[in-house]
Amino acid sequence: MATTTATLTLSSADLLSDALSVSATQTLYKAGTTTGLDGLQYERLEVATGDVYDMIDATAAGANKANKVYVINKHTDETKYINIYIKDLIIGRLYAGDWMFIPLEAAAATQDVGLEAISAAQHIEFALIHEGKTLVAS
């Protein structure tokens with residue numbers, strides 16, 4: 001059994017009138033269990049300007065599963081960014097060095113996750129951490 005832990009720490013001395021310090025840690029488990037996620041799809045890629053890249057093809061095999069998606073924009077120019085899509089809906093923008101970590105149902109093609117490089121080619125890393133896929137014999 002794999003053990004994968006995600007930790008997020010937010011801190012700022014000057015965002016609020018008092019110092020901000022928040023931290024959360026979560027072990028990533030298969031849906032409804034205490035068994036760790038044991039599947040990983042990891043890629044590094046360069047996406048040309050204006051290209052839309054389909055990172056994760058959602059299928060019924062992902063239904064009711066504990067899928068987690070991590071994406072980071074490795075570009076070094078802070079003015080360059082990518083748009084992140086779920087199907088045709090832009091859900092966010094990642095500038096150079098920005099990253100995201102989200103859960104994903106991934107049950108149907110309407111939940112495909114993609115990105116588009118804006119204004120420059122972008123170096124991207126992404127991972128789908130999942131509980132495995134059930135393959136059906138043909």
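One can find the structure itself at the top, above this paragraph.
In this text the structure is predicted, and so the values were computed from the model without any measurement.

Caption draft 1: Seen up close, the sheet that holds strand β9 (residues 113-118). Ordered in space as β4-β9-β6-β7, the four strands form an open sheet in which the pairing is antiparallel. Since the sheet does not close on itself, it has two edges, and those belong to β4 (52-56) and β7 (89-95), each with one partner. Between one strand axis and the next, the sheet turns through 25° on average, direction left out of account. Bridging between strand β6 (residues 81-86) and β9 involves six bridges; their strand directions are antiparallel. Each bridged residue has a counterpart across the sheet, and for Y81 the counterpart in β9 is I118.

Caption draft 2: Region of interest: the packing of aromatic side chains. Counted according to the given criterion, the structure contains two aromatic pairs. A centroid spacing of 6.4 Å and a plane angle of 55° characterise the contact between Y53 and F126, whose relative ring orientation is tilted. Here the residue Y53 occupies a position in strand β4, and F126 occupies one in strand β10 (residues 122-130), the gap between them amounting to 73 residues. Under the relative-accessibility criterion, F126 is labelled buried at 0%.

Caption draft 3: Structural detail: the pattern of salt bridges. Overall, the coordinates contain three salt bridges when judged by the stated rule. In this structure, the salt-bridge partner of D38 is K30, at a minimum N-O distance of 3.1 Å. Put simply, K80 and D77 hold a salt bridge, and the shortest N to O gap is 3.9 Å. On the basis of relative accessibility, which here comes to 19%, the residue K80 falls in the buried class. Given a relative accessible area of 26%, D77 falls into the partly exposed group.

What counts, and at which threshold
- Residues numbered from 1 in each chain as written.
- Predicted model: local features only at pLDDT ≥ 70, side-chain atom pairs only at ≥ 80, totals over all residues.
- Heavy atoms only, no water.
- Pairing = 2+ DSSP bridges.
- Helix = DSSP H or I, 4+ residues; strand = E, 2+ residues; numbered from the N terminus.
- Axes fitted to C-alpha atoms, helices over the stretch in contact; angles between N-to-C directions.
- Phe/Tyr/Trp six-rings, centres within 6.5 Å; stacked < 30°, edge-to-face > 60°.
- Buried < 20%, exposed > 50% of the residue type's maximum accessible area, 1.4 Å probe, protein only.
- Salt bridge = Lys/Arg side-chain N within 4 Å of Asp/Glu carboxyl O.

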